[in-house]
Amino acid sequence: DAGVTQSPTHLIKTRGQQVTLRCSPKSGHDTVSWYQQALGQGPQFIFQYYEEEERQRGNFPDRFSGHQFPNYSSELNVNALLLGDSALYLCASSVYQGANYNSPLHFGNGTRLTVT
Amino acid sequence: QQQVKQSPQSLIVQKGGISIINCAYENTAFDYFPWYQQFPGKGPALLIAIRPDVSEKKEGRFTISFNKSAKQFSLHIMDSQPGDSATYFCAAGERSQGNLIFGKGTKLSVKP
């Protein structure tokens with residue numbers, strides 16, 4: 001049973017460029033969340049997708065956008081990259097359980113983004 | 001009000017000892033408190049979670065203690081092993097919302 005898979009594993013971009021990160025949720029999961037983890041810090045919530053819609057959003061600028069596809073996979077897009085966007089980007093999937101959005105999160109191993 | 005404060009930042013424990021990590025939160029609406037374990041190069045993995053209607057939850061060598069009035073919760077790792085060496089994160093959130101607030105992490109080293 002494949003867990004959460006993310007691609008690519010590493011990425012180097014230049015300031016001002018745009019990047020797309022991809023995530024396939026764990027089998028049977030329908031909800032995808034994205035987190036940013038700076039070096040030495042805890043993950044920070046970016047947004048969550050369910051039924052192809054953004055359900056919750058954290059304190060991140062509009063440069064961060066996402067999408068969820070009918071097969072539940074998801075993309076994270078970041079425009080106009082800044083040096084401060086360098087981080088590990090984590091995708092987490094879960095199962096929607098009515099009002100309980102916080103069913104256990106299963107994280108992928110992340111995409112390490114370096115902005116130079 | 002959305003912060004989760006975690007301490008200590010790092011912890012060194014002898015094999016067989018007890019590791020204790022503490023967290024405090026401010027938002028009384030939080031009703032879900034998980035702990036995650038992260039190894040280098042890997043994503044966080046759920047260890048154990050608790051809801052505020054329970055004061056303690058134990059799974060194997062891992063125990064969460066929860067003090068609702070003090071708005072604090074802690075992770076105890078009994079009989080710590082070198083394989084437990086990792087970074088541990090506490091988190092908190094509202095089950096009706098979609099996000100978790102994470103602490104800054106505790107790097108645990110268990111010496112043989």
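Keep in mind the model is a prediction, meaning the values are calculated, not measured. (Residues numbered from 1 in each chain as written. Chains lettered and ligands numbered in written order. Predicted model: local features only at pLDDT ≥ 70, side-chain atom pairs only at ≥ 80, totals over all residues. Heavy atoms only, no water.)

Novice: Before we move on, could you go through the interface of chain B and chain A and cite the residues and values that matter?
Specialist: When the parts of a complex come together, some accessible area is lost, and that lost area is often used as the size of the interface. On the chain A side, the residues contacting the 21 residues of chain B number 21 residues. Buried area between chain B and chain A, both sides added, is near 1700 Å², and the carbon and sulfur share of it is 49%. Where chain B packs against chain A, one counts zero salt bridges. Our count for the chain B to chain A interface comes out at five residue pairs in polar contact (both at pLDDT 80 or more). Taken together, the residues of the side of chain B that touches chain A sort by class into seven nonpolar, nine polar and five charged. (Contact = heavy atoms within 4.5 Å. Buried area = accessible area lost by both parts, 1.4 Å probe. Salt bridge = Lys/Arg side-chain N within 4 Å of Asp/Glu carboxyl O. Polar contact = N/O pair within 3.5 Å; in protein donor to acceptor, adjacent residues only side chain to side chain. Nonpolar A, V, L, I, M, F, W, Y, C, P; charged D, E, K, R; others polar.)

Novice: Any details on a nonpolar patch on the surface? Residues and values, ideally.
Specialist: A cluster of nonpolar side chains, namely Ile18, Ile20 and Met78 of chain B, defines an oily patch on the protein surface of about 240 Å² accessible area. Among the structural elements, Ile18 of chain B can be located in the loop between strand E2 (10-14) and strand E3 (19-25). (Patch = residues over 30% accessible without salt bridge, like charges linked within 9 Å, V, L, I, M, F, W, Y side chains within 5 Å. Areas by Shrake-Rupley, 256 points an atom, 1.4 Å probe, with all protein chains shown as cover. Helix = DSSP H or I, 4+ residues; strand = E, 2+ residues; numbered from the N terminus.)

Novice: Lay out the pairing of strand E5 (residues 44-50) of chain A in plain terms, naming residues and giving numbers.
Specialist: Residue and element names in this part refer to chain A. Burial runs high along E5: six of the seven residues are buried. Examined bridge by bridge, strand E4 (residues 31-37) and E5 share six bridges and lie antiparallel to one another. Paired with Gln36 across the bridge in E5 is Gln44. Pairing between E5 and strand E6 (residues 53-57): four bridges, direction antiparallel. Considered in E6, the bridge of Gln48 is made with Gln56. Adjacent in sequence and paired antiparallel, E5 and E6 are bridged by two residues, among which Glu51 carries a positive phi angle near 50°. (Buried < 20%, exposed > 50% of the residue type's maximum accessible area, 1.4 Å probe, protein only. Pairing = 2+ DSSP bridges.)

Novice: Talk me through the state of the cysteines; I want residue IDs and the actual numbers.
Specialist: Throughout the structure, instances matching the rule amount to two disulfides over all chains. For Cys23 of chain A, the disulfide goes to Cys91 of chain A, at an S-S distance of 1.8 Å. As the torsion about the S-S bond is roughly -65°, the Cys23 of chain A-Cys91 of chain A disulfide counts as left-handed. Of the two residues, Cys23 of chain A sits in strand E3 (residues 19-24) while Cys91 of chain A sits in strand E9 (residues 87-94), which places them 68 residues apart along the sequence. Neither Cys23 of chain A nor Cys91 of chain A differs from the other in exposure class; each is buried. Here Cys23 of chain B connects covalently by a disulfide to Cys90 of chain B, the sulfurs 1.9 Å from one another. Residues Cys23 of chain B and Cys90 of chain B are joined through a disulfide that is left-handed, its torsion about the S-S bond being -95°. With Cys23 of chain B in strand E3 and Cys90 of chain B in strand E9 (residues 86-92), this pair connects stretches of sequence that are 67 residues apart. Residue classification places Cys90 of chain B among the buried residues on the basis of a relative accessible area of 0%. (Disulfide = S-S within 2.5 Å.)

Novice: Describe the sheet that holds strand E8 (residues 74-78) of chain A, and please don't skip the residues or the numbers.
Specialist: All names here are of chain A. Strand order across the open sheet formed by four strands is E1-E3-E8-E7, with antiparallel pairing between neighbours. If you trace the sheet from one side to the other, it starts and ends with strand E1 (5-7) and strand E7 (64-68), each paired once. Sheet twist, expressed as the mean angle between neighbouring strand axes with direction ignored, is 20°. The sheet contact formed by E3 and E8 spans five bridges and is antiparallel. Bridge pairing in E8 links Val19 to Val78. (Axes fitted to C-alpha atoms, helices over the stretch in contact; angles between N-to-C directions.)

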